Amino acid sequence: MANVLVCIKRVPDSSSEVVLTEDAQSVDGRFAGFTMSPHEECAVELAVQVTAATGGETAVFTLGDAEAAEQLRSALAVGASAATLVEADGSTYGPADVAREVAAVVRAHESDGTSHDLVLLGNDAADSGDFQVGIRLAYELRRPVVNGAKLVSVADGVVTAKVEGPEGVETYQVPLPAVVTIREGGVEPRYPSVPGRMRAKKVAIEERSPSAEPSGPKRVKLTLPPPVPSNVQILGEGAAAAPAVVDLFEELGVLAR
Amino acid sequence: MILTLVEKDLEGAPVEVSLEALTFARTLSAEGGGIPVDAVVVASGGQSVSDELRKQLAEYGVRTVYEIQGEAASAYAGAAWASAILSVREQSKSVVVLAAGTDRGNELMAHVAARAGVAMAANVLSFHGLAPFTVTRQVLGGAALEEMVLDQRPAVFSVAGHAVEAKPAETPGAADVVEVSAEIAVADLVARVVSTDEPETDESGGLKTARVVVGAGRGAGGPDGFKDIEELTSLLGAALGVSRVVTAAGWRPHHEQVGQTGTRISPELYVPCGISGAIQHWAGCSSAKTILAINTDPEAPMVTRATYAVIGDLHEVVPAINAEIRRRRG
């Protein structure tokens, strides 16, 4: 049996325009809407597969404002059975702060009798892109860490993780307890079923306060890159543009057979 | 001293982005009154630093090449490599440790920073000011920038790909090789690569290296909406790339995805059809030299950022292009 904890983050939807908050400390997602980081959707799917195969349970964790419960419920709807929210203003937390809060929850659950043998995180958050929370967490918990895995399975107390490395697909075999960060692409996240959604609504989310004051992200401010003036040359409209397009292909030399 | 991790390709030559990181390090050195730039490389397969590698590092102004050997240098283990890099940092008295913002570069800098108890900035584009040392880095896949202070020592960061152009130094460095055989704790070898399967075929259909890529997004309309696009791809000898909307809906497999969480492409020509150009996608295709967007919406970000555009439904425009190509080929 292996119990898995997945750390997820509520991030602004990257399918629309970026707007910054007035204090330039974070992205204003009020118009774009929020979602779970794509890597983490795959981490949840892998966790559910691992716990189904080993008879364990998947729990999810997030640090954020009360609205982040929405992302926890999305994970509960696809097979996680417990959720923890550390309520805090995420924009005042640096990667080391977040790792410390995850570690505090893992230790607290452990002393309450629930182990998280495997902790999965996204390789990098879609918004802050720090690329380090999972690794810092591993040092906090004194566990081994595999970074950027697309596939994960557990058998006999050993996690096997597959990573696309510079020379091919690398295999790691690491004894539990361990930390693995996940990259999108190895599995297709499942859609929540109607009973799954109903069940998710009924789960009581564990709410915790942060274990310590954050030391902060060392962020001075966020800025938007200067807008690039549009220099687009319109070749035409509809099917009538085809000859102009093929002229361009010839000019660029991409039509050579 | 400024210590730069240099990654090597399969032939043992430094990868381009590591040369960019060395160029970045030199700019920093010049600003800091000429403090030396050192390189750290990990010996692979028992190979020592080749004359060719040494020559190239000298051209990039490297003073000392620290070569990690021994236990840390066999199969890859992030914690072990980071431990060895930190031994070199001690030996070279470095105040800055940096790498290219590759998967491995970011991973190793995160290990180094966590072990040293300092902050780490991923994907840095530039620095401004040394006291305090302030950097600008990419967040949201490049759609926003973050100004960040690295006031601890060592300052640890990775340099975003193409943040600077790789340029040899005006005055070459000595590139003296110093072999380092760091002692590695057993705990740092637990998470280690046990085997590597060489990819039999390029699963991405050569997307990463394709000269021409044809893209398809929401505008394809459904899993059956790719016939004309596939024909155009084949007529151009191109690779097919799709947006995240398409893979998330299950219309096409993930390995065809171009974007922040998919493949990053840098073709001569990219032809995105029915792709609006959301941040997620733009992060993966912004390195294309020429972009020809086909879209119904003249205000779509992909259209305004493109070099050329055709306004129209891809299901009308693409078949007409295919017919025109066939006609000209007779």
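Residues numbered from 1 in each chain as written. Chains lettered and ligands numbered in written order. Predicted model: local features only at pLDDT ≥ 70, side-chain atom pairs only at ≥ 80, totals over all residues. Heavy atoms only, no water.

Just checking my understanding: could you explain the packing of aromatic side chains for this structure?
Given two aromatic rings, one states the distance between the centres and the angle between the planes to describe the pair. Residue and element names in this part refer to chain B. Throughout the structure, instances matching the rule amount to six aromatic pairs over all chains. A centroid spacing of 6.2 Å and a plane angle of 45° characterise the contact between Phe127 and Phe133, whose relative ring orientation is tilted. Take Phe127: its relative accessible area is 16%, and that puts it in the buried class. Phe133 gets classed as buried once you look at its relative accessible area, which sits at 3%. Summarising the aromatic geometry, the rings of Phe226 and Trp251 are spaced 6.5 Å apart at their centres and angled 65° between planes, so their arrangement reads as edge-to-face. (Phe/Tyr/Trp six-rings, centres within 6.5 Å; stacked < 30°, edge-to-face > 60°. Buried < 20%, exposed > 50% of the residue type's maximum accessible area, 1.4 Å probe, protein only.)

What is the right way to look at the sheet that holds strand S7 (residues 145–155) of chain A in this model?
In any sheet, the strands associate via hydrogen bonds between backbone groups, in a parallel or an antiparallel arrangement. Spatially, 10 strands are ordered S11(A)-S5(A)-S4(A)-S1(A)-S6(A)-S10(A)-S7(A)-S8(A)-S9(A)-S10(B) in an open sheet, and the strand pairing comes out mixed. Each of the sheet's edge strands pairs with one partner strand only, and the pair in question is strand S11 (206–208) of chain A together with strand S10 (193–197) of chain B. Mean inter-strand twist for the sheet, computed between neighbouring axes without regard to direction, equals 30°. Relative to strand S5 (residues 82–87) of chain A, strand S4 (residues 58–64) of chain A runs parallel, the two sharing six bridges. When the sheet's bridge partners are listed, Ala59(A) is paired in S5(A) with Ala82(A). (Pairing = 2+ DSSP bridges. Helix = DSSP H or I, 4+ residues; strand = E, 2+ residues; numbered from the N terminus. Axes fitted to C-alpha atoms, helices over the stretch in contact; angles between N-to-C directions.)

It is not clear to me how the interface of chain B and chain A should be interpreted in this structure. Could you clarify?
In many reports, interface size means the accessible area that the parts give up when they come together. In this complex, chain B contributes 78 residues to the contact, which on the side of chain A involves 70 residues. Interface of chain B and chain A: buried area, both sides summed, is about 6300 Å²; carbon and sulfur atoms make up 57% of it. Here chain B is connected to chain A by 10 salt bridges. With its nearest N and O atoms 2.8 Å apart, the salt bridge here joins Glu170(A) to Arg104(B). The interface formed by chain B and chain A holds 36 residue pairs in polar contact (both at pLDDT 80 or more) in total. Top contributing element to the side of chain B that touches chain A by residue count: helix H4 (residues 103–116) of chain B, with nine residues. Across the side of chain B that touches chain A, the residue classes tally to 42 nonpolar, 19 polar and 17 charged. In the sheet, strand S12 (residues 219–223) of chain A pairs with strand S7 (residues 144–149) of chain B via four bridges, with the strands oriented antiparallel. Paired with Thr223(A) across the bridge in S7(B) is Leu145(B). (Contact = heavy atoms within 4.5 Å. Buried area = accessible area lost by both parts, 1.4 Å probe. Salt bridge = Lys/Arg side-chain N within 4 Å of Asp/Glu carboxyl O. Polar contact = N/O pair within 3.5 Å; in protein donor to acceptor, adjacent residues only side chain to side chain. Nonpolar A, V, L, I, M, F, W, Y, C, P; charged D, E, K, R; others polar.)

What is the right way to look at the pairing of strand S8 (residues 155–159) of chain B in this model?
Along any regular strand the residues' side chains alternate between the sheet's two faces. Residue and element names in this part refer to chain B. With respect to burial, S8 is a largely interior element, five of its five residues being buried. Side chains of S8 alternate between two faces, with Ala155, Phe157 and Val159 and Val156 and Ser158 buried alike. Across five bridges, the pairing between strand S4 (residues 96–100) and S8 is parallel. From the neighbouring strand, Val97 faces S8, where its bridge partner is Val156. In the sheet, strand S5 (residues 120–130) pairs with S8 via three bridges, with the strands oriented parallel. Residue pairing for S8: Met120 is matched across the bridge by Val156.

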